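Close look at the chain arrangement
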Amino acid sequence: ASYHYYMDQQLFNHVDMKPENIHVPKGDTADLQVAAAQYDEMIEAAGGVDIQLLGIGVNGHIGFNEPGTSFALGTNVVELTESTREANKIYFNSSKYGRKLFLFI
């Protein structure tokens, strides 16, 4: 029950794309802040982002950047709103997931 699994099932398994060209932040780690910093380092080392797919939520969030989140933060951790958790609970075993790692550039 992860967003990475969801993306595999809904997109990546259906397109001709090399797995090494797919990059989804790790949300299953003990230290999300470290994972966020490592993700930003990976982006910088690659020379930036050429193509990025982000979803738009029912409350207007983009890529799990909840309304009011600064666009200048890069990869970081936010507390998801109740409406975002409610809208996405069908994809997970529990609606208790209160934090998500996300990317916004």
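Residues numbered from 1 in each chain as written. Predicted model: local features only at pLDDT ≥ 70, side-chain atom pairs only at ≥ 80, totals over all residues. Heavy atoms only, no water.

Overview of the side chain of R85
Put simply, the test is: Put simply, DSSP marks the helices as runs of H or I at least four residues long and the strands as runs of E at least two long, and each gets a number from the N terminus on. What qualifies as a polar contact is a pair of N or O atoms within 3.5 Å, subject to a donor-acceptor requirement within protein and to the restriction that residues adjacent in sequence count only when both atoms come from side chains.
In this structure, R85 sits in helix α3 (residues 82-88). In this structure the side chain of R85 is engaged in a polar contact, spanning 3.0 Å, whose partner is the side chain of E82.

Description of the environment of E66
Our working definition: Any two residues whose heavy atoms approach within 4.5 Å at even a single point are treated as in contact.
In this structure, E66 sits in the loop between α2 (32-45) and β1 (76-79). Separated by 15 residues in sequence, E66 and T81 place their C-alpha atoms 7.2 Å apart. Not counting residues within four places of it along the chain, the set of residues in contact with E66 comprises N59, H61, E79, L80, T81 and T84. Within the structure, the side chain of E66 is placed 3.0 Å from the backbone nitrogen of T81, a separation counted as a polar contact.

Focus: the environment of G74
The following threshold applies: Only protein chains enter the accessibility calculation, which uses a 1.4 Å probe. A residue is then buried if its area is under 20% of the maximum for its type, exposed if over 50%, and partly exposed in between.
By secondary structure assignment, the location of G74 is in the loop between α2 and β1. Taking the relative accessible area as the measure of exposure, G74 reaches 17% and is therefore buried. When the C-alpha positions of G74 and A36 are compared, they lie 8.4 Å apart, and in sequence the two are 38 residues distant.

A short note on the layout of surface pockets
Which entries qualify depends on this criterion: Computed over the protein atoms alone on a 1 Å grid, cavities are sets of points where a 1.4 Å probe fits but cannot get out and pockets are open sets with protein on both sides within 12 Å along at least five of seven lines; a residue lines them when it has an atom within 4 Å of a point. Grid points are joined across faces, edges and corners, and a volume is the space filled by probe spheres set on the points. Gly falls in the polar group here, along with every residue not listed as nonpolar (Ala, Val, Leu, Ile, Met, Phe, Trp, Tyr, Cys, Pro) or charged (Asp, Glu, Lys, Arg).
Put simply, the second largest pocket is a space of about 210 Å³. Considering the residues around the second largest pocket, the lining is formed by H4, H23, V24, P25, K26, T29, A35, Q38, Y39 and M42. A total of four residues in the lining of the second largest pocket trace back to one element, the largest contributor, which is α2. Taken together, the residues of the lining of the second largest pocket sort by class into five nonpolar, four polar and one charged.

Let's talk about the pattern of salt bridges
What counts here: Salt bridge, as used here, is a side-chain nitrogen of Lys or Arg placed within 4 Å of a carboxyl oxygen of Asp or Glu.
Enumeration according to the criterion identifies two salt bridges in this entry. Across the pair R85 and E82 runs a salt bridge, and its minimum N-O distance is 3.0 Å. In this pair, R85 and E82 both sit in helix α3, three residues apart, roughly one turn of the helix. Among the charged side chains, a salt-bridge network with shared partners connects E79, E82 and R85.

Notes on α2
Convention followed: By this rule the span expected of a helix is its residue count minus one, scaled by 1.5 Å.
Taking 1.5 Å of rise per residue, the 14 residues of α2 would be expected to cover 20 Å, and the 20 Å separating its terminal C-alpha atoms lies within 8% of that figure. Where α2 begins, one side-chain oxygen reaches toward the backbone nitrogen of Q33, 3.2 Å away; that side chain belongs to D31. Where α2 ends, the next residue or the one after it, G47, has phi of about 90°, a positive value.

Focus on the confidence of the model for the protein chain
Definition in use: Per-residue confidence from the predictor is reported as pLDDT, which spans 0 to 100.
Looking at the protein chain as a whole, the pLDDT averages 81, with 86% of positions reaching at least 70. Per-residue pLDDT, averaged within each element of the protein chain, yields its smallest value for strand β2 (residues 99-102) (49) and its largest for α2 (91). Within the model, the stretch residues 101-105 combines pLDDT values under 50 with 34 contacts to residues more than four positions away or in other chains.

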